[in-house]
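Now for the letters of each chain:
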Amino acid sequence: GALPRLPPFAQRVDVTGAVVAANDLAAGLGLLAGLERVSLPGAGDDPESECRSASEAGLRALETHDLVVVHVEATAECGRRGDAAAKVAAIARLDAEVVVALLQGLRRRDPEWRVLVIPDHATPCTLRTHTAEPVPFVVYASGDEAKPRSLARGFNERDARDQGIFIPEAHTLLERLLRR
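Residues numbered from 1 in each chain as written. Predicted model: local features only at pLDDT ≥ 70, side-chain atom pairs only at ≥ 80, totals over all residues. Heavy atoms only, no water.

Draft legend 1. Layout of the side chain of serine 142. Residue placement: serine 142 occurs in the loop between β5 (138-141) and α6 (157-163). Relative accessible area serves as the criterion here: at 17%, serine 142 is assigned to the buried category. Among the polar contacts listed, one links the side chain of serine 142 to the backbone oxygen of proline 111, at a separation of 3.1 Å. Those residues in contact with serine 142, other than ones at most four positions away along the chain, are Pro111, Glu112 and Trp113. (Helix = DSSP H or I, 4+ residues; strand = E, 2+ residues; numbered from the N terminus. Buried < 20%, exposed > 50% of the residue type's maximum accessible area, 1.4 Å probe, protein only. Polar contact = N/O pair within 3.5 Å; in protein donor to acceptor, adjacent residues only side chain to side chain. Contact = heavy atoms within 4.5 Å.)

Here you go:
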């Protein structure tokens, strides 16, 4: 097929961006959108090192870019293998070694920041393939840290459904994240 042409990311949203990904498809989509690719050498071979190197590379990329997309493949790989226990462990590792590390780094660097955490697709262990099911997401900003917590919600499909949080057009999440 023909190579699709996308409007350059920096022109569309007026920010510079990079994509951190060991996965060639995720990196390629970032390149098509005009993001700079930050490679993770060797990370595709070891899901544990993928998380550590992804968060480190993401924080380094934020030194020169306004927005960084960090893609980690480990949880989807476990889903494709049908290994529920490994997927739970990969999600915990993603949380501890990517999300927490990025939040800590952002807090040290800048008083104002925003984070969007979202899977690129669902990969249920029972089906061992991607599905079109809605996925959970969270948009979190530095200003949210001072807000009182009134609802106890988890970052999972059930809690998102129970709270009625649903964005039918996922591409609008980026605009929500970048609102000033």
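Draft legend 2. View of the packing of aromatic side chains. Scanning all chains against the criterion turns up one aromatic pair. Measuring from ring centre to ring centre gives 5.9 Å for tryptophan 113 and tyrosine 140, while their planes differ by 45°; the resulting arrangement is tilted. With tryptophan 113 in the loop between α5 (84-109) and β4 (114-117) and tyrosine 140 in strand β5, this pair connects stretches of sequence that are 27 residues apart. We classify tryptophan 113 as buried; its relative accessible area is 8%. (Phe/Tyr/Trp six-rings, centres within 6.5 Å; stacked < 30°, edge-to-face > 60°.)

Draft legend 3. Just the sheet that holds strand β3 (residues 67-71), in detail. The strand order across the open sheet formed by three strands is β2-β1-β3, and the pairing between neighbours is parallel. Each of the sheet's edge strands pairs with one partner strand only, and the pair in question is β2 (36-38) and β3. Going from strand to strand, the sheet's axes swing by 25° on average, the running direction of each strand aside. In this structure, strand β1 (residues 17-21) lies alongside β3, joined through five bridges in parallel fashion. If you follow alanine 18 over to β3, its bridge partner there is valine 68. (Pairing = 2+ DSSP bridges. Axes fitted to C-alpha atoms, helices over the stretch in contact; angles between N-to-C directions.)

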